[in-house]
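# Descriptive structure summary
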Amino acid sequence: MNVNFHFNLKQFAVLFFIIAAWALSSGGLSPKLTFGAEIAGETIITQNSGGAQEDVYMAAPEDLNHSDYFSNSIAAFCISDSSEVQNLYLLDAMNGRIKKFTTEGNFISIIKINSSDEVKLNELCGIYSAGGNVTAVHSQNSILTLNSAGEKILKLNFPAGFECRKILKMNEKTITAYDYDNSIIARFEITAGSPELKKLAEYEDVLFPWLISNERFLSCSLISPDSLFVYGRSFSARVKNEAYIKLKTNEAISQFKIIGSDAASNIYLRYCTGIIENIAVISPDLRLIETIVFEAKHIANRANLLYDECVGRDGSIYAAYHEKNKLIIKKLIKK
Amino acid sequence: MKFKNIILKIHIFFIAFFLFSCLCRAEENGALNIPISDDLQHAGFLTSYKRHYPYGFKILRDGSLYLVNTPKKSVMQFDFMGRHIKTYSGKDENFSSCTDICFDNDGMLYVASLESMQVIKLDMLSNEISRFGSYGTGESALKSIYQIEIAGGKKLFVQDTLSGKINVYSSAGTFIKKIECNVAGFYLTAKGQLIYMRHSPACGYSINFLDSNARTPRKIFALGMNAVAGLEFIGCDQKGNFYMAAPIGHPFSSKEKEVIVYNSSAIRFSNYRVKNSALGRQFFIFGDGSLYSAEPDTPNGSDSRPTKISIKKY
């Protein structure tokens, strides 16, 4: 009797260790895993290559400005950073226009950008909309705000040495932008009557930051091939022991970046493990809420790393990619 | 009975491990074997305070392979069938401690010599035409030479890994500019655009692009991997994929290297293990994406004298 009991205890202990090891290796049991079958992917916008209204400019392989390493299709794509109705904005820089769509992909209007000495269309690389009638487009060196008729409201210049690759937040008083080439996030002040932006604060050595308040932002770092960290950082304080969350995977991670946030200020961190695309939903206090996992069929066709994905307030994910001579924007939403 | 079970489990474990390791390895597809001996027509090997192998090799578009036969102060040429065609040698000082080589569109050979810390331009008969660079700590000077390449416009790019830079010289030998680069290896596109990697402790590795007329580089994408030591950039293929290699384990004692391939959208889509070799430049990537690796054999343990260098295609 005793022998049998001892044997059962041994079996139980082995089983316990196996379950514990599995739970630890899979990152714990608490965060929810949502698989592709639970995600509805719907193509909401399809644009051909060209200059007509239904088209967007795409550099053909024989064009002089075609690149094997950078985006040859859209310059940028964003969702309005608004607490009310959100819309999608597509910067078709080489055709001198911005296209506005509903979040269901219905075409609303075109905002014309006139080429001038102040605006060189081939230099435009990003777009930002806070909602309403004002839209901003930017090059590495300057930002141009336009009204819905395409008329210039303001042109603001970044200080020398800062190369803007993405606008993270913009209002009447300040602009927070990211210099991807030099890995710097910086906040600038808009001074009335002056076209020059004044730097208020900056933080160096950050990858793919996302602003969660005026003062705080999150950024990610892939320390080793299978360990992705998200750090909570502040412009004013540089502490050694920053708050962070570590995501450990069984496969090497690539193409990682924070793509946006929802109404609850949860941030969406996208990363790939092999050809599997993962989106980790992380709360502002750095808790992993959920990981959405799906087979990414189109990740290889994305090239504009800073402006090809965004997140709506309802948690819908929008992704732009090119397929042959078409630009496609897909909306991913949980069923 | 219990003992038999344990033996069976150990067997299953080893079979599974063997199958897994086979899957992890890239498919090896043919090899060019170059014998190592004292014969003038063979690759050289010297043992002094350290072991001296040929520095590396390059393959041209026509498929001919050039082995930098550093211990014998020469460059060996093989045709696409692997037949030995020619040996470049001449004045000792021109080929002394030679590292990398390259050819321009006129068929002129450029040899990097660590002895003079210069790149020497030679004609087909190994006659010296001109020299580039010098030893020193100034902007135009060099402290080491890891790789040399010629751009279409005849600009010469010389990587000095010790100083963490790539120097660019005109065809006349004039210093043009310095590009900060602290990761070994770079690649020149057919249009003369430079692709290279940088590493920072906080952000890890990144792949950068510098157009031939641009002043500032653009980041193609950030790879991260801050903690990975000893990563080297091998190059790109015609599809825009990026190839790099990292030692598995400690960089100075690793027996294998992991070759990692990223596509232009920053997806890590392939990785495989190859033998780590003692050559200065072990890898070469051909335009079609074939990876070549130079691996000397060291029979009966690593301390013995190698008998051949196998240039394997993966």
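Not measured: the values here are computed from a predicted model.

Here we take up the overall build of chain B. Within chain B, the regular secondary structure consists of two helices and 26 strands. Sorting the 314 residues of chain B into buried and exposed places 40% on the buried side. Considering only contacts within chain B whose residues lie at least 6 apart along the sequence, 37% involve residues at least 24 apart.

The subject of this paragraph is the overall build of chain A. Looking only at helices and strands, chain A features one helix and 26 strands. When burial is assessed residue by residue, chain A has 35% of its 335 residues classed as buried. Here the contacts in chain A between residues at least 6 apart in sequence split such that 43% fall between residues at least 24 apart.

Turning to the sheet that holds strand β7 (residues 84-88) of chain B, a few remarks are in order. Residue and element names in this part refer to chain B. Taken together, four strands build an open sheet; the order of strands is β4-β5-β6-β7 and the sheet is antiparallel. The sheet is open, and its two borders are formed by β4 (56-59) and β7, each paired with just one other strand. Mean inter-strand twist for the sheet, computed between neighbouring axes without regard to direction, equals 20°.

Let us now look at the confidence of the model for chain A. Per-residue confidence for chain A gives a mean pLDDT of 85, with 84% of residues at or over 70. Note on residues 23-30 of chain A: pLDDT is under 50 here. Beyond four places in sequence and across chains, it has three contacts.

As a further point, take the interface of chain B and chain A. Contacts between chain B and chain A engage 24 residues on the former and 22 residues on the latter. Of all the secondary structure elements, the ones that give two or more residues to the side of chain B that touches chain A are β18 (204-210), β19 (218-224) and β23 (268-275) of chain B. It is β19 of chain B that contributes the most residues to the side of chain B that touches chain A, six residues altogether. For the side of chain B that touches chain A, the residue count by class is twelve nonpolar, nine polar and three charged.

Residue and element names in this part refer to chain A. Bridging between strand β13 (residues 174-179) and strand β14 (residues 184-189) involves six bridges; their strand directions are antiparallel. Looking at β14, one finds that Y178 is bridged to I185. The turn joining β13 and β14, which pair antiparallel and follow one another in sequence, is formed by four residues; a positive phi near 55° is taken by S183. Of the strand pairs in this sheet, β14 and strand β15 (residues 198-204) are connected by six bridges, and their pairing is antiparallel. When the bridges of β15 are listed, I185 appears paired with Y203.

A separate point is the sheet that holds strand β25 (residues 291-296) of chain B. Residues and elements named next belong to chain B. The four strands are arranged β1-β26-β25-β24 in an open sheet whose pairing can be described as antiparallel. This sheet does not close on itself; its edge strands, each paired only once, are β1 (31-35) and β24 (283-285). Going across the sheet, the axis of each strand differs from the next one's by a mean of 15°, ignoring polarity.

Let us now look at unusual backbone geometry. Although it is not a glycine, Q255 of chain A sits at a positive phi angle of roughly 45°. Here Q255 of chain A is to be found in strand β20 (residues 253-261).

On to the environment of N301 of chain A. Residues and elements named next belong to chain A. Of note, N301 is situated in the loop between β23 (288-295) and β24 (309-311). The spatial distance from the C-alpha of N301 to the C-alpha of E118 is 32 Å, given a sequence separation of 183 residues. N301 has contacts with Y321, H322 and E323, leaving out every residue within four places of it along the chain.

Residue-level pLDDT values for chain B average 85, and 87% of them are 70 or greater. The complex model carries a pTM of 0.85, and its ipTM stands at 0.84.

Attention shifts here to the pairing of strand β11 (residues 152-157) of chain A. Residue and element names in this part refer to chain A. Bridge analysis of strand β10 (residues 142-146) against β11 gives five bridges, and the strand direction is antiparallel. Opposite S142, over in β11, you have N157 as the bridge partner. Where β10 folds back onto β11 in an antiparallel hairpin, the turn is made up of five residues, including G150, whose phi is positive at roughly 85°.

Residue and element names in this part refer to chain A. Among the secondary structure elements, R313 is positioned in the loop between β24 and β25 (317-323). You can call R313 partly exposed: it has 19 C-beta atoms within 10 Å. A C-alpha to C-alpha distance of 7.2 Å links R313 and S261, two positions 52 residues apart in sequence.

Residues and elements named next belong to chain B. Relative to the helices and strands, S126 resides in the loop between β10 (118-122) and β11 (128-132). Classification of S126 as partly exposed rests on a count of 18 C-beta atoms within 10 Å. Sequence separation between S126 and C181 is 55 residues; the distance between their C-alpha atoms is 31 Å. Apart from residues no more than four positions distant in its own chain, S126 is found in contact with Y88, S89 and G90.

Each value, and the rule that gives it
Residues numbered from 1 in each chain as written. Chains lettered and ligands numbered in written order. Predicted model: local features only at pLDDT ≥ 70, side-chain atom pairs only at ≥ 80, totals over all residues. Helix = DSSP H or I, 4+ residues; strand = E, 2+ residues; numbered from the N terminus. Buried ≥ 20, exposed ≤ 12 C-beta atoms within 10 Å, placed from the backbone. Contact = placed C-beta atoms within 7 Å. Pairing = 2+ DSSP bridges. Axes fitted to C-alpha atoms, helices over the stretch in contact; angles between N-to-C directions. pLDDT = per-residue confidence, 0-100. Nonpolar A, V, L, I, M, F, W, Y, C, P; charged D, E, K, R; others polar.

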